[in-house]
Amino acid sequence: GVEDIPCRFQDRLQLFYCGSHMDPPMSSTVRAFMGGLVRKAVLSLVVVLCAVRDTTHAESLGSGPVIKSDEEVLKAVKEAITADPNGYLEGWSSDDVCEWTGVVCGQLTPKKQTVTKIDWSSQRLEGSLPDSFHKLVHLQALYLQENSFGGKLPDFSNWAGLKGIYVFDNYFTGVLPASVGSLKRLQALNVRNNQLSGEFPKDLEKLTSIKELDLGFNDQLKGTLPADIEKLSNLEFLRLNGCQLHGTVPSMSKLSNLKAIRLNRNYLAGTLPAFEKTMTSLQELDIGSNQIQGELPAVGELPMLKSLDLRSNKFKGTIPSEYGKLPKVEWLKLSSNQLTGTIPTELGQMPNLQALYLDGNRLSGSVPAEMANTARLKDMSVENNSKMCGDKVKIKKGKVRSKGTRVGKACATSPTGADEF
């Protein structure tokens, strides 16, 4: 009721609802009706005022000057910027660095502030980070993505409270600092598409809070995947594609929060572990363009999987019929392997399949007639499977590409009645 309105508002609004001495002469029925409308209006106003007050408080940058060390670091950054085509530095004219565009400060002491967040993303800035950058010891989030920063990444050892590092699409060089393994609160590490080199950090399994780990397209980054990667129980996105990783792919079946695995374009070998139905969140699995051997992996019944890419490896054996039981798969890419046997008819029962690539294998037999029933299939390739033959199949929204096969010609039949290839 109205009595629940916070006291700080009651005094100001007492005119409307506190007592009947303000009521004009009217009947008790009308007075009750009008009183109800007023009370509703007052409650709505109070809710709005409370929301505004709380939001303003939440976004407050605090008061007082920033600590001297933070000020010195940011002014050094400004000096290190060599190109600013968007005029971004025009927002860095204040003597108070907490008022600079892209800088967020928080209250450190009753009279002092400290830098807690930097967001200079997508500004086409050129330059490097000064050696003193690691002195921003209270930094919680760093967004430098989509610029042209170069040089080395700062030492991370002082950033115990850091939760997010986004520096992708830059020109950072050198090694990824080993101190990254000490960031216990880190939830996102995205250094994708830089020029990092050296060994893959060995202590990444210590990042138990990490949700996004993206080191992709640093083509001089070498090493192996952590054998105990399953310790990263909060991991949602694992993107390590386009590096020089070798060794085998460890089991990840305990990572039930994992949504995307991109390990393509590396030098991974050996056989793949099973990807079990315990991985209930997995939507993308891409291990294409490696040197994986053995049979295609079991994928259980992954309920959320949308894209399965295992192309350009050394897989042998047949295509598992269980792949046809993946209810949400849109892209299935198995091309450029050494697969044999026929195409399972179950693949024609995938309700969301849009693209199926089986070219460059050693498949035989005909294209299953069931493929014509796939409602969303737009593109299918069986090219360069020289033993494939039989009737052409028309799909509803696209075509089946069959160059380098005998599809369209009858399959030869042996005296026993079996197809001969």
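Here is a short report on the structure shown in this document. Predicted model only: the values in this text are computed from it and were never measured. Residues take numbers from 1 onward in each chain, read along the sequence in its written order. Thresholds applied to this predicted model are a pLDDT of at least 70 for local features of residues and 80 or more for the giving and counting of side-chain atom pairs; totals over whole chains, interfaces and linings are not thresholded and use all residues. Calculated side-chain values reflect all of the structure's heavy atoms, with hydrogen atoms and water omitted.

Further remarks concern the overall build of the protein chain. A helix here means a DSSP run of H or I that spans at least four residues, while a strand means a run of E at least two residues long, and both kinds are numbered starting from the N terminus. From N to C terminus, the protein chain includes three helices and 28 strands. Think of it in three bands: with a 1.4 Å probe and only protein chains considered, a residue is buried below 20% of the maximum accessible area for its type, exposed above 50%, and partly exposed in between. Counting all 421 residues of the protein chain, 45% fall into the buried class.

Looking now at the sheet that holds strand 24 (residues 387–390). Spatial strand order, 22-24-26: three strands in an open sheet with parallel pairing. Both edges of this open sheet fall to strand 22 (364–365) and strand 26 (406–407), since each of them pairs with a single strand only. The criterion for strand pairing is that DSSP finds at least two bridges linking the strands in question.

Here D379 shows up in strand 23 (residues 379–381). Whenever two N or O atoms come within 3.5 Å, that pair is a polar contact, provided that in protein one can donate a hydrogen and the other can accept it, and provided that, for residues adjacent in sequence, both atoms are side-chain atoms. Only 3.0 Å separates the side chain of D379 from the side chain of Y357, close enough to count as a polar contact. In terms of polar contacts, D379 uses its side chain to reach the side chain of R401, at 3.1 Å. Should any heavy atoms of two residues lie within 4.5 Å, those residues are considered in contact. Discounting chain neighbours no more than four positions away, the residues touching D379 are Q354, A355, L356, Y357, I395, K399 and R401.

What follows deals with the sheet that holds strand 12 (residues 220–224). Spatial ordering of the open sheet is given by 1-4-6-8-10-12-14, a layout of seven strands whose pairing is mixed. The sheet terminates laterally at strand 1 (81–83) and strand 14 (244–246), the two strands that pair on one side only. The sheet shows a mean angle of 20 degrees between the axes of neighbouring strands, direction not considered. Examined bridge by bridge, strand 6 (residues 148–152) and strand 8 (residues 171–175) share three bridges and lie parallel to one another. Looking at strand 8, one finds that K152 is bridged to T173. Most of the contacts of helix 3 (residues 68–80) go to strand 1, to which it runs at about 30 degrees, and overall it touches strand 1 and strand 4 (126–128). Axis definition: a line fitted to C-alpha atoms, limited for helices to the stretch in contact. Angles are taken between N-to-C directions and run from 0 to 180 degrees.

Moving on: the environment of L196. Considering the arrangement of structural elements, one finds L196 in strand 10 (residues 195–199). A sequence separation of 22 residues divides L196 from N218, and the C-alpha atoms of the two residues are 5.4 Å apart. With near-sequence residues (within four places) excluded, L196 lies in contact with L153, F172, T173, G174, L176, V191, N218, Q220 and L221.

Positive phi, normally seen in glycine, also occurs at E146, with a value near 60 degrees. As for its placement among the helices and strands, E146 is situated in the loop between strand 5 (141–143) and strand 6. Given the relative accessible area of 38%, E146 is considered partly exposed. Residues other than glycine seldom take positive phi values, yet N384 does so here, at roughly 60 degrees.

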